[in-house]
Amino acid sequence: MLIHPWDAPQDDSEWQRWLVGRDFGQLAVNGPPGEPPYVQPLHFAYDKDRGEVVGHLARPNPLWAAIEANPEVLLSVVDDYVFVPGPWQAPPEGPSENGVPTSFYAAVQLRCTARVVDDPAEKAELLNRQTHHFQPEGGSARATVGEAPYGRMLPGILGLRLEVTGVRAKFKYAGRKPEEIQDRIADGLATRNGPRDRVAREHLLRRREV
């Protein structure tokens with residue numbers, strides 16, 4: 001992922017705050033020789049204090065063999081993306097049709113060392129952590145080894161701990177454009193008011209103020 005200086009996070013807290021509010025991404029694992037990488041859509045829970053991501057997948061998933069062969073993996077999370085029409089980006093002195101269309105987005109890539117979890121008690125603990133993350137209001141039984149309703153299901157999954165060893169983050173929101181063009185883009189996003197336009201506009205204005 002190319003990260004220009006004007007698209008880089010202002011500090012670590014920017015990408016950490018953003019990532020804490022997200023819990024779905026794509027886990028990329030090196031495939032066998034001669035094969036492309038495996039890419040697995042994944043619900044996960046990110047623990048900033050532990051520097052760890054946890055998740056789980058079904059035991060038959062082909063990722064497990066690939067992870068054991070090479071535990072260095074990448075978790076990619078992308079959100080707050082919008083398309084920006086060319087005229088919104090046109091230079092003030094030129095015709096609007098000369099503006100260059102582009103994409104805005106926020107992205108965090110976590111390089112991780114993966115550890116496969118098969119101990120029943122540890123798997124239950126990981127599942128309970130995930131359930132609390134996604135369902136803090138409760139309403140579901142806890143996973144407990146040997147107890148209904150989930151104990152009998154534990155052998156069918158493997159847990160996943162991802163120790164974060166590196167981070168690449170990007171917030172691409174017209175950071176290098178003059179304020180006149182940024183204002184035009186912000187007005188365009190407010191008027192269009194499509195999916196993710198409001199939050200993209202917030203990113204543009206927030207990053208300009210710092």
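**With respect to the overall build of the chain**
Turning to step 1, where the next piece is worked out: Scanning the chain for helices and strands turns up five helices and seven strands.
Turning to step 2, where the next piece is worked out: When the elements of the chain are put in sequence order from the N terminus, they spell out α-β-β-β-β-α-β-β-α-β-α-α.
Turning to step 3, where the next piece is worked out: Considering only C-alpha atoms, the chain reaches an extent of 70 × 45 × 25 Å along its principal axes.
Turning to step 4, where the next piece is worked out: Counting every position in the chain, which comprises 210 residues, the buried fraction comes to 38%.
Turning to step 5, where the next piece is worked out: For the chain, restricting intrachain contacts to residue pairs at least 6 apart in sequence, the fraction spanning at least 24 positions comes to 76%.
Turning to step 6, where the next piece is worked out: Carbon and sulfur atoms make up 52% of the accessible area of the chain, which amounts to about 11,400 Å² in all.
Turning to step 7, where the next piece is worked out: Distance from the positive charge centre (25 side chains) to the negative charge centre (29 side chains) of the chain: 1 Å.

**A few points about unusual backbone geometry**
Turning to step 1, where the next piece is worked out: Here the bond from A148 into P149 is cis, since omega is 5°, no more than 30 degrees from zero.
Turning to step 2, where the next piece is worked out: Examined against the element boundaries, P149 turns out to sit in the loop between α3 (120-134) and β7 (157-172).
Turning to step 3, where the next piece is worked out: Of note, D80 is a non-glycine position whose phi angle comes to about 55°, a positive value.
Turning to step 4, where the next piece is worked out: Mapped onto the fold, D80 is located in strand β5 (residues 72-84).
Turning to step 5, where the next piece is worked out: Judged by its relative accessible area of 4%, D80 falls in the buried class.

**Topic: the environment of Q40**
Turning to step 1, where the next piece is worked out: Tracing the chain through its elements places Q40 in strand β2 (residues 38-43).
Turning to step 2, where the next piece is worked out: When neighbours within four sequence positions are excluded, Q40 is seen to be in contact with G25, Q26, L27, L57, N61 and L63.
Turning to step 3, where the next piece is worked out: Here N61 takes part through its side chain, which lies 3.0 Å from a polar atom of the side chain of Q40.

**Structural notes on the pattern of salt bridges**
Turning to step 1, where the next piece is worked out: Summed over the entire model, instances satisfying the criterion amount to 18 salt bridges.
Turning to step 2, where the next piece is worked out: Between D197 and R192 there is a salt bridge, and its shortest N-O distance comes to 2.9 Å.
Turning to step 3, where the next piece is worked out: In this structure D197 comes out as buried when scored by relative accessible area, which is 2%.
Turning to step 4, where the next piece is worked out: You can call R192 partly exposed: its relative accessible area is 34%.
Turning to step 5, where the next piece is worked out: Connected through salt bridges with shared partners, the residues D47, R50, E52, R115, E122, E125, R129 and R161 form a single ionic network.

**So, the packing of helix α4 (residues 179-192) against helix α5 (residues 197-209)**
Turning to step 1, where the next piece is worked out: Packing of α4 against α5 leaves a shortest axis separation of 8 Å and a crossing angle of 155°. The angle between α4 and α5 falls in the class roughly antiparallel. Crossing of α4 against α5: the hand is left-handed. Of the residues in α5, those in contact with E179, Q182, D183, I185, A186, L189, A190 and R192 of α4 are D197, A200, R201, L204, L205 and R208.

**Here we look at the side chain of E52**
Turning to step 1, where the next piece is worked out: For E52, the location among the structural elements is in strand β4 (residues 52-58).
Turning to step 2, where the next piece is worked out: By relative accessible area, which is 12% here, E52 ends up buried.
Turning to step 3, where the next piece is worked out: Within the local environment of E52, its side chain forms a polar contact with the side chain of R161, the two groups lying 2.9 Å apart.
Turning to step 4, where the next piece is worked out: Contact partners of E52, with chain neighbours within four places excluded, come to A45, Y46, D47, R129, R161, L162 and V164.

Reading the values: the criteria
Each residue is numbered by its place in its chain's sequence as written, counting from 1. A pLDDT threshold of at least 70 governs which residues receive local features in this predicted model, and a stricter bar of 80 or more applies before side-chain atom pairs are shown or counted, although totals over entire chains, interfaces and linings include all residues. Hydrogens and waters are ignored; side-chain quantities use all the structure's heavy atoms. In this description a helix means any DSSP run of H or I spanning at least four residues, a strand means any run of E spanning at least two, and both kinds are numbered starting from the N terminus. Burial status follows relative accessibility: with a 1.4 Å probe on protein chains alone, a residue under 20% of its type maximum counts as buried, one over 50% as exposed, and anything between as partly exposed. Residues are treated as being in contact if the distance between any of their heavy atoms lies within 4.5 Å. Using a 1.4 Å probe, the Shrake-Rupley method yields the accessible areas, and only the shown protein chains count as cover for residues. We treat Lys and Arg as the positive residues and Asp and Glu as the negative residues; His and chain ends play no part in the count. To locate a charge, take NZ of a lysine, CZ of an arginine, CG of an aspartate or CD of a glutamate. Counting of polar contacts relies on pairs of N or O atoms within 3.5 Å, with two restrictions inside protein: one atom must be capable of donating a hydrogen and the other of accepting it, and residues adjacent in sequence are counted only when both atoms are side-chain atoms. Salt bridges are identified by distance alone: a Lys or Arg side-chain nitrogen within 4 Å of an Asp or Glu carboxyl oxygen. Every angle, taken between N-to-C directions, lies between 0 and 180 degrees, and every axis is a line fitted to C-alpha atoms, over only the stretch in contact when it is a helix. Here roughly perpendicular refers to angles of 65 to 115 degrees, roughly parallel to angles under 35, roughly antiparallel to angles over 145, and oblique to all remaining angles. Each crossing is labelled by how the near helix is turned from the far one, with a counterclockwise turn of less than a right angle marking it left-handed and a clockwise turn marking it right-handed.

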